[in-house]
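# Fold and contact review
Residues per chain, in single letters:
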Amino acid sequence: MNIIESKLQFKGELEKLINENVYFLIIHHIAKEFATIEDIHMWHLEAGYLGCGYNEYIKKDGTVYIGRGNHHGAQCFGHNSDGYGIALEGDFNIETAISNEQYASVIERLKFHKLVFRNIKSIGGHNIFTPTDCPGKYLNVRNIVNDAYKEDKKYHWGMKHLVSLRKKGYKIHDERFDDYITRAEVFAIEDQRRD
Ligand SMILES: [Zn+2]
């Protein structure tokens, strides 16, 4: 995996991310089939940002370009100081598949960032955090996240609670820990709890 430090000129001072305060890894697509990091930088300057808003960018060939890097991004409303945004080349509202190279790189980067940012609480597509169609309906973020952390699963801190709940008679079928909970699931839990 090739990682390139882009030499972008930002229009002002960027604020450093504080590693312990980064709780979210946020996946985007650029909603364009192809672009260079310089193209993105230009679009974001034109949009009135200090420059490329993504912390990093992964091309279809798997090359990783550092954008804002370890600085506050301009990528997800409300999560620019406590989130790290990874943008993928492509428009996954139109393109139905992700290249193997790009897939492999995003997996590697998710693993890496979870080690760097030790307090990560959730990892997901942009649309989990704010109403948007980013990162596209054909990008299966859940599979990506599950693939990235499948080796961690047996060590998950949530396992002891799962085991304990099963002993108490709760029905839990899947040993998955980092998926988002839906409202229906909250209702089901509360309903069981009140039995
Ligand atoms: Zn986005």
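Scroll up to find the structure.
Below, the structure is looked at part by part.

Definitions and cut-offs
Residues numbered from 1 in each chain as written. Predicted model: local features only at pLDDT ≥ 70, side-chain atom pairs only at ≥ 80, totals over all residues. Helix = DSSP H or I, 4+ residues; strand = E, 2+ residues; numbered from the N terminus. Rg over C-alpha atoms; globule rule 2.2 N^0.38 Å. Buried ≥ 20, exposed ≤ 12 C-beta atoms within 10 Å, placed from the backbone. Contact = placed C-beta atoms within 7 Å. Pairing = 2+ DSSP bridges. Axes fitted to C-alpha atoms, helices over the stretch in contact; angles between N-to-C directions. Parallel < 35°, antiparallel > 145°, perpendicular 65-115°, else oblique. Left-handed = near helix turned anticlockwise from the far one by under 90°.

Summing up its helical and strand segments, the protein chain has six helices and six strands in all. In the protein chain, the succession of α and β elements from N to C terminus is β-β-α-β-β-β-α-β-α-α-α-α. Taken against the 2.2 N^0.38 rule, which gives 16 Å for 195 residues, the C-alpha radius of gyration of the protein chain at 18 Å falls within 12% of a compact globule. With the C-alpha coordinates of the protein chain rotated into their principal frame, the extents come out at 60 × 35 × 30 Å. The buried share of the protein chain, reckoned over its 195 residues, is 30%. Residue pairs at least 24 apart in sequence account for 71% of intrachain contacts in the protein chain once pairs closer than 6 positions are excluded.

With that settled, consider the sheet that holds strand β5 (residues 83-88). Within a sheet, each strand pairs with its neighbour through backbone hydrogen bonds, oriented either parallel or antiparallel. Taking strand neighbours across the sheet as the criterion, the six strands line up as β1-β4-β3-β5-β2-β6 in an open arrangement whose pairing is mixed. Looking at the sheet topology across the chains shown, the edges are occupied by β1 (3-5) and β6 (122-125). Strand-to-strand twist of the sheet, defined as the mean angle between neighbouring strand axes without regard to direction, takes the value 20 degrees. Here strand β2 (residues 24-29) pairs with β5 via six bridges, running parallel. Looking at the pairing, I26 lines up with G85 of β5.

A separate point is the packing of helix α2 (residues 100-116) against helix α4 (residues 141-149). Two elements in contact, α2 and α4, have axes whose closest approach is 9 Å; the angle formed by their N-to-C orientations is 60 degrees. Looking at the two axes, α2 sits oblique to α4. The interaxial crossing formed by α2 with α4 has right-handed handedness. Counting all contacts with α2, which are made through V106, I107, L110 and K111, the residues of α4 involved are I144, V145, D147 and A148.

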